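Chain by chain, the residues run as shown.
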Amino acid sequence: MPELQNLMLAGGGLGLFLMGMVIMTDSLKKLAGDKIRAALLRFTHTPTTGAMTGAISTAIVQSSSATTLAAIGFVGAGLMTFSNSLGIIFGANIGTTITGWMVALLGFKLSIGSIASIIILSGVFLRLFANSGKLKNSGLAIAGFGLLFIGIDTMQTAMAGLVDYVDFSKLPANNLLGILQLVLIGLIFTTITQSSSAGVALTLTALFSGIIEFEQAVALVIGMDIGTTVKSLLAVIGGSVGAKRTGLSHVVYNLMTAALALLLIVPYVQAWEWFQPGALYENAEIALVGFHTLFNLLGVILILPFTRYFAQLIIKLFPQKNAYIDTLDKQLLQTPELALNAVQKSLNGLTKALINELNLITSDHIANRKTDLQQLQQNLDETQYYLDEIHLNQKDGHLWQRLVEMIHIVDHLQRLHERCEEESYRAEASKQFSTLKDTANKMSKDIEVYRRLTLEENWQETVALAQELKKFIDQDAEAFRHQMVEHMGQGTINADQCRDALEAIRWMQRVSHHLARLSHHLQQMQIRSGSSA
């Protein structure tokens, strides 16, 4: 059966194309991965710069999924805000159209499939005999590039033999039902192959061979654009709210651009016919990739001025449930540095919440306490469990040191939480003794300043303040104990009052000790974070 043989040949060609894409993309990631990641973090301060960076990054690594998943990971780790990630999501769709241009211009217009074997051979030689890692990766990228066109050439041969056997007339692109069916086929194809580039290449080859009409090809490509969002949805399963928002924004945005594309089909065809009748069908492959680029470019241009409102829409769809541990994404555990960044953001938030609670306890505003201490305890436990899943050792240098500092921080936060939850009445008791009142007032004022410094994340000044407070309280404690014992011996206070007084000063000592150690480790965590950046 010749049609079966041609179908198998087309499948083989598609397999070669996918293999070439994987080899080329992986090699390009190794060559430019770190620089791309740095650029994504550095040039995303506005939606416009983010879109440009996302487009360029995707064009370089030849993978919109790599760019989009990097953005999701950065948001999940707290390295990038959700709003800043949107530009990258928008721009990645433009960058991914480069593959279509490469296939249409080089695969069909220049037909470099005939010299693809030479390209592959040169890449293999470079991979085998090059001295540096960069040259070896360059060789693999070249070999993957050549393999792409072997796959395209194979698909062309197979498609030419399928013209008389495959009939797409039952899926007309001139009515809504037919278009939606074709969009669904494109979506399913990309979901299965996990590569919209492969789908676009196959569509271009079918169009070039005359198996499908231009309008049908357009509908398939629109579906393939939507299909790229499936990987984003899979990537955010079990992720943080920030990561889920980023993945959801990719889905919503691609659906919006797909709707725009469907509206543009007729005007686009008419524009070609007005400019030069018949030119579109004579250059159908160029017209198709042009349309792919056009609707993605228009989508970015139209959405950029409304990025803030788009972000607000996504935030409403995915509200923040727990701000303190939102960054603790399980998927980040595969990259310890990103996981540590997530923990650091969580610890900073938990510290601020707990110090605010402590400030209310030691001040005259205890009635204003709103913090759910039970929820805060759960957050501390979750952070501790997450830290327990980050496995490093001393050979990991700054990462190991950061991990150790974080373990100390969690421990002191847990102890402070106990002081707030179980023993807060002792802070009130400290104000009942005239001899302890000055020390209690000093502690209250210092913790108020400490709270302000933690909000500013000024850990250097918190260290000095906490150490001074600890020293002050330690000096007063011993004298106060002797005074209370003497008062009890003289009968001025009873045993219960003496016990309360001693517990109060002991509470103050413990709190000042944990504040001093907490400040030290927070400062060290900040220093280690800068060293490992």
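Residues numbered from 1 in each chain as written. Predicted model: local features only at pLDDT ≥ 70, side-chain atom pairs only at ≥ 80, totals over all residues. Heavy atoms only, no water.

Draft legend 1. Expanded view of the overall build of the chain. Assigned secondary structure in the chain consists of 22 helices and zero strands. Split into buried and exposed, the 533 residues of the chain put 52% on the buried side. The long-range share in the chain, meaning contacts at least 24 apart out of those at least 6 apart in sequence, stands at 80%. Split by element, the accessible area of the chain, about 24600 Å² in all, is 60% carbon and sulfur. (Helix = DSSP H or I, 4+ residues; strand = E, 2+ residues; numbered from the N terminus. Buried < 20%, exposed > 50% of the residue type's maximum accessible area, 1.4 Å probe, protein only. Contact = heavy atoms within 4.5 Å. Areas by Shrake-Rupley, 256 points an atom, 1.4 Å probe, with all protein chains shown as cover.)

Draft legend 2. The arrangement of the side chain of Ser85 in detail. Note that Ser85 resides in helix H4 (residues 82-95). Setting aside chain neighbours within four positions, we find Ser85 in contact with Ala71, Val75, Met80 and Thr246.

Draft legend 3. Examining the nonpolar core more closely. Core analysis: the largest hydrophobic core is formed by 59 residues, its most contacted members being Ile390 and Leu515. Breaking this core down by element, the ones donating at least two residues are helix H16 (336-362), helix H17 (373-388), helix H18 (398-422), helix H20 (434-455), helix H21 (459-490) and helix H22 (495-532). Tallying contributions element by element places H22 first for this core, with 13 residues. Setting aside anything within four residues of it in sequence, one finds Leu515 in contact with Ile355, Leu358, Leu416, Ile447, Tyr450, Ala466 and Leu469. Core analysis: the second largest hydrophobic core is formed by 43 residues, Met102, Leu220, Ile222 and Val269 among them. (Core = buried A, V, L, I, M, F, W, Y, C linked by side-chain atoms within 4.5 Å.)

Draft legend 4. Geometry of the side chain of Thr307. By the element assignment, Thr307 lies in helix H15 (residues 307-317). Those residues within four positions of Thr307 in sequence are excluded, and the remaining contacts are Pro47, Leu86 and Phe90.

Draft legend 5. Looking closely at the confidence of the model for the chain. A residue-level look at the chain finds 81% of positions with pLDDT of 70 or above and a mean pLDDT of 79. Within the chain, helix H14 (residues 284-303) carries the highest mean pLDDT (91), whereas helix H19 (residues 425-430) carries the lowest (62). (pLDDT = per-residue confidence, 0-100.)

Draft legend 6. Examining the environment of Phe125 more closely. Positionally, Phe125 belongs in helix H6 (residues 116-129). With relative accessibility at 46%, the residue Phe125 sits in the partly exposed group. A sequence separation of eleven residues divides Phe125 from Lys136, and the C-alpha atoms of the two residues are 9.0 Å apart.

Draft legend 7. Spotlight on helix H9 (residues 196-209). Counted at 1.5 Å a residue, the expected span for H9 with its 14 residues is 20 Å, and the 20 Å between its end C-alpha atoms agrees. Among the 14 residues of H9, 13 are classified as buried, and the element is accordingly described as predominantly covered. With its phi angle positive at about 85°, Gly210 sits one or two positions after the end of H9. (Expected span 1.5 Å × (residues − 1).)

Draft legend 8. Local environment of the packing of aromatic side chains. All told, the structure shown has six aromatic pairs when counted by the stated rule. Relative to Tyr253, the ring of Phe90 has its centre 4.6 Å away and its plane inclined at 45°; by these criteria the two rings are tilted. With a gap of 163 residues between them, Phe90 in helix H4 and Tyr253 in helix H12 (residues 241-275) connect regions that are remote in the sequence. Neither Phe90 nor Tyr253 differs from the other in exposure class; each is buried. Taking the centre distance of 5.4 Å and the plane angle of 55° together, the rings of Phe291 and Phe295 count as tilted. Residue Phe291 and its partner Phe295 are both found in helix H14; the two are separated by four residues, about one turn of the helix. What makes Phe295 buried here is its relative accessible area of 1%. An aromatic cluster of three or more residues is present, and its members are Phe214, Tyr268, Trp272, Phe291 and Phe295. The positively charged end of Arg308 is found above the aromatic ring belonging to Tyr309, 4.7 Å away from the centroid. (Phe/Tyr/Trp six-rings, centres within 6.5 Å; stacked < 30°, edge-to-face > 60°. Lys NZ or Arg CZ within 6 Å of the ring centre and 35° of its normal.)

Draft legend 9. Up close: the pattern of salt bridges. Under the criterion given, the structure shown has nine salt bridges. For the salt bridge of Arg415 with Asp411, the shortest nitrogen-to-oxygen distance reads 2.8 Å. Within this pair, Arg415 and its partner Asp411 are both found in helix H18, separated by four residues, close to a single helical turn. With a relative accessible area of 25%, Arg415 lands in the partly exposed category. Measuring nitrogen to oxygen at the nearest pair gives 3.1 Å for the salt bridge that ties Lys442 to Glu468. (Salt bridge = Lys/Arg side-chain N within 4 Å of Asp/Glu carboxyl O.)

Draft legend 10. Fine view of the packing of helix H10 (residues 214-227) against H14. Two elements in contact, H10 and H14, have axes whose closest approach is 10 Å; the angle formed by their N-to-C orientations is 40°. Put simply, H10 runs oblique to H14. When the axes of H10 and H14 are compared, the crossing they make is right-handed. Seen from H10, the contacting residues are Phe214, Ala217, Val218, Val221, Ile222 and Asp225; seen from H14, they are Ala284, Ala287, Leu288, Phe291, His292, Phe295 and Asn296. Of the residues that constitute the contact of H10 with H14, the class distribution is ten nonpolar, two polar and one charged. (Axes fitted to C-alpha atoms, helices over the stretch in contact; angles between N-to-C directions. Parallel < 35°, antiparallel > 145°, perpendicular 65-115°, else oblique. Left-handed = near helix turned anticlockwise from the far one by under 90°. Nonpolar A, V, L, I, M, F, W, Y, C, P; charged D, E, K, R; others polar.)

Draft legend 11. Structural context of a nonpolar patch on the surface. The grouping of Leu121, Val124, Phe125, Leu128 and Phe129 at the surface amounts to a nonpolar patch, some 520 Å² of accessible area in total. Relative to the helices and strands, Leu121 resides in helix H6. Residue class for Leu121 comes out partly exposed when judged on its relative accessible area of 49%. (Patch = residues over 30% accessible without salt bridge, like charges linked within 9 Å, V, L, I, M, F, W, Y side chains within 5 Å.)

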